[in-house]
Amino acid sequence: MLALVLMMAALQDVPSAPASTFVEVEALPGQVVTHVGWLTTPIPRFPREAMRGQVRAGTVRLSCIVTVQGRFRNCEITEETPPGFSFGREALAAVRAVRLTPRTIDGRPVETHVQFSVGFRRSGP
């Protein structure tokens with residue numbers, strides 16, 4: 001049996017959502033800012049290469065842009081542990097289906113750069 005774990009802390013007031021590290025343009029004093037919110041979270045598949053290699057866990061760090069439509073674009077793998085077992089490929093595939101609420105400044109959506117981790121853990125024999 002496989003168990004997948006998202007290694008992400010809660011974001012803002014959405015306790016079940018992954019957390020991101022924001023690299024944002026600062027808002028001007030007095031502007032109202034809302035941060036990215038997770039409507040759905042990535043659910044990656046455990047890579048076959050890792051199962052064949054008897055690897056039980058892995059972590060991928062991604063860097064992406066959140067668009068004004070609430071989708072990821074330009075995602076890059078910044079770290080993959082252990083390397084060579086397709087954890088990065090599976091993490092990238094999983095985030096394609098994710099929906100988010102975009103960051104807003106004074107009610108207008110703006111693109112935002114985020115970084116987050118996706119963790120994998122295999123349970124059972």
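Residues numbered from 1 in each chain as written. Predicted model: local features only at pLDDT ≥ 70, side-chain atom pairs only at ≥ 80, totals over all residues. Heavy atoms only, no water.

**Re the state of the cysteines**
Thought 1: Summed over the entire model, instances satisfying the criterion amount to one disulfide.
Thought 2: For Cys-64, the disulfide goes to Cys-75, at an S-S distance of 2.2 Å. The sign of the 120° torsion about the S-S bond sets the Cys-64-Cys-75 disulfide as right-handed. Separated by eleven residues along the polypeptide, Cys-64 in strand β5 (residues 57-66) and Cys-75 in strand β6 (residues 72-81) bring together distant segments of the chain. (Disulfide = S-S within 2.5 Å. Helix = DSSP H or I, 4+ residues; strand = E, 2+ residues; numbered from the N terminus.)

**Description of the environment of Gly-124**
Thought 1: As for its placement among the helices and strands, Gly-124 is situated in the segment after β10 (112-122).
Thought 2: C-alpha separation for the pair Gly-124 and Arg-56, spaced 68 residues apart in sequence, amounts to 9.3 Å.

**A few points about the confidence of the model for the protein**
Thought 1: Scored by pLDDT, the protein comes out at a mean of 82, with 79% of its residues at no less than 70.
Thought 2: Taken element by element, the predicted model of the protein shows its lowest mean pLDDT in strand β1 (residues 2-4) (33) and its highest in β6 (97).
Thought 3: Low confidence marks residues 1-17, where pLDDT is under 50. Its contacts with residues over four positions away, or in another chain, come to 52 contacts. (pLDDT = per-residue confidence, 0-100. Contact = heavy atoms within 4.5 Å.)

**Quick notes on the packing of aromatic side chains**
Any aromatic ring pair is given by two values, namely how distant the centres are and how the planes are angled relative to each other.
Thought 1: For the coordinates displayed, the defined rule picks out six aromatic pairs.
Thought 2: Judged by centre distance (5.7 Å) and plane angle (55°), the rings of Trp-38 and Phe-72 are tilted. Here Phe-72 lies in strand β6 and Trp-38 lies in strand β4 (residues 37-38), a separation of 34 residues in the sequence.
Thought 3: By relative accessible area, Trp-38 is classed as buried at 6%.
Thought 4: Ring centres of Phe-87 and Phe-120 lie 4.9 Å apart, and the angle between their planes is 55°; on these two criteria the pair is classed as tilted. Here Phe-120 lies in strand β10 and Phe-87 lies in helix α2 (residues 87-95), a separation of 33 residues in the sequence.
Thought 5: For Phe-87, a relative accessible area of 0% puts it in the buried group.
Thought 6: On the accessibility criterion, Phe-120 (2% relative accessible area) is buried.
Thought 7: An aromatic cluster of three or more residues is present, and its members are Trp-38, Phe-72 and Phe-116. (Phe/Tyr/Trp six-rings, centres within 6.5 Å; stacked < 30°, edge-to-face > 60°. Buried < 20%, exposed > 50% of the residue type's maximum accessible area, 1.4 Å probe, protein only.)

**Structural notes on the pattern of salt bridges**
Thought 1: For the coordinates displayed, the defined rule picks out four salt bridges.
Thought 2: Notably, a salt bridge pairs Arg-45 with Glu-90, separated by 3.1 Å at the nearest N-O pair. With Arg-45 in the loop between β4 and α1 (48-52) and Glu-90 in helix α2, this pair connects stretches of sequence that are 45 residues apart.
Thought 3: Judged by its relative accessible area of 5%, Glu-90 is buried.
Thought 4: Among the ionic contacts, a cluster of salt bridges with common partners joins Arg-45, Glu-49, Arg-89 and Glu-90. (Salt bridge = Lys/Arg side-chain N within 4 Å of Asp/Glu carboxyl O.)

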